[in-house]
Amino acid sequence: MAQLVIKDLPSRLVRAFAERDHAAAMVAGRIRLRSIRYYREIEDEGRRDSDESVGRLRVPADVQRVAIDLDGGLPRDLGATPGHLNLATEFLDPTYLVCCSDASAGVSSGIVKFGDFLVDIFNPKGFSEAVLEAAGRSSLGGRGLHFVDAFPVEYTKGDVGAAPLAGASMRLSYGQKPPSFADEKEFRLAVVVTGGLRDAPEFIDLTLENPREYLRHFESPPA
């Protein structure tokens, strides 16, 4: 049975839409999840991250120095010096995203820049469980459901930091963005399915049960 993993779930989430019909569809329990790779080439430049699905950190470490002898072409060991290793991690299972924003402290300009029509996810745990249940009974383009991961995005891409542990390294690849996106306060649900990227669908559509238990519609920011 597929597992729901939750990290640091806020008390309230919001999703903003530019179109009223799209917000109404979500309130009715119909959501479309795009592949994470979709956001590499999205038309909206304000949302585009050409490096999406790749996690990057600069990890402090002793860096080995080598010189090449110009006469003989042989390497000479110059010893180690403090520096950084460039860590990159990429997760190759098909991954589909529900992108929301943390609204537990209110709705900021970084959230409403995506649109004026807001869906208030007033019960984030119930919403996350409904996504898991809906994904479990969906065809998923002929794939199986691996797991659903709900977590806040880390705005640390390219920063200096310690090498993450194995599980955190996996999440880093589908849950990290550059610091310039930090005003979005993004919280993601990543639906991960089985099989490789080849011939994986570009999106999956889910129908949630009992949406009134965790979703409601606003045309202005909730208090």
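Note: the structure precedes this text.
Keep in mind that this is a model prediction, so the values were computed, not measured.

Asker: Quick rundown of the pattern of salt bridges? Include the residues and the values.
Answerer: Within the structure shown, the criterion is met by 19 salt bridges. Its salt-bridge partner being E90, residue R37 comes within 2.8 Å of it at the nearest N-O pair. Of the two residues, R37 is situated in the loop between strand 3 (30-35) and strand 4 (54-68) and E90 in strand 5 (residues 75-90); the sequence distance between them amounts to 53 residues. The exposure class of E90 is partly exposed, given its relative accessible area of 38%. Put simply, R137 and E209 hold a salt bridge, and the shortest N to O gap is 4.0 Å. You can see R137 sitting in helix 3 (residues 124-137) and its partner E209 sitting in the loop between strand 10 (203-207) and strand 11 (215-218), a full 72 residues away along the chain. Since its relative accessible area comes to 45%, E209 is described here as partly exposed. It is possible to trace a salt-bridge network through shared partners that takes in E52, K113, K177, D183, E184, E186 and R188.

Asker: Lay out the side chain of K177 in plain terms, naming residues and giving numbers.
Answerer: With respect to the element layout, K177 can be found in the loop between helix 4 (166-174) and strand 9 (186-193). A polar side-chain atom of K177 sits 3.3 Å from a polar atom in the side chain of E184. Contact partners of K177, with chain neighbours within four places excluded, come to D49, E52, V153, E154, Y155, T156, K157, E184, E186 and R188.

Asker: Now, about unusual backbone geometry: what can you tell me, with residues and values included?
Answerer: Notably, D8 is not glycine yet its phi reads approximately 50 degrees, a positive angle. With respect to the helices, strands and loops of the structure, D8 is situated in the loop between strand 1 (3-6) and strand 2 (13-17). In the Ramachandran plot, N210 falls in the positive-phi region, its phi being about 50 degrees despite a non-glycine side chain. Tracing the chain through its elements places N210 in the loop between strand 10 and strand 11.

Asker: Explain helix 1 (residues 20-27) to me, using residue names and the numbers behind them.
Answerer: Among the residues making up helix 1, those that are buried are A23, A25 and M26. One side of helix 1 holds all its buried residues, which, seen down the axis, span an arc of 160 degrees. Against strand 2, strand 3, strand 7 (117-121), helix 3 and strand 11 lie the buried residues of helix 1. Phi turns positive one or two residues past the end of helix 1, at G29, with a value near 100 degrees.

Asker: Outline the pairing of strand 6 (residues 95-102), supporting the account with residue identities and numerical values.
Answerer: For strand 6, a buried count of seven out of eight residues is recorded, marking the element as mostly surrounded by other parts of the structure. Note: strand 2 against strand 6, two bridges, orientation antiparallel. Bridge pairing links L13 to D102 in strand 6. As paired elements, strand 3 and strand 6 share two bridges and run antiparallel to each other. Along strand 6, the bridge assignment pairs S35 with Y96.

Asker: Tell me about the environment of G196, residues and numbers included.
Answerer: Position of G196 relative to the elements: it lies in the loop between strand 9 and strand 10. For G196, a relative accessible area of 42% translates into the label partly exposed. C-alpha of G196 to C-alpha of T156: the two residues are 40 residues apart in sequence and 27 Å apart in space.

Definitions and limits used
Residues numbered from 1 in each chain as written. Predicted model: local features only at pLDDT ≥ 70, side-chain atom pairs only at ≥ 80, totals over all residues. Heavy atoms only, no water. Salt bridge = Lys/Arg side-chain N within 4 Å of Asp/Glu carboxyl O. Helix = DSSP H or I, 4+ residues; strand = E, 2+ residues; numbered from the N terminus. Buried < 20%, exposed > 50% of the residue type's maximum accessible area, 1.4 Å probe, protein only. Polar contact = N/O pair within 3.5 Å; in protein donor to acceptor, adjacent residues only side chain to side chain. Contact = heavy atoms within 4.5 Å. Arc of directions from axis to C-beta. Pairing = 2+ DSSP bridges.

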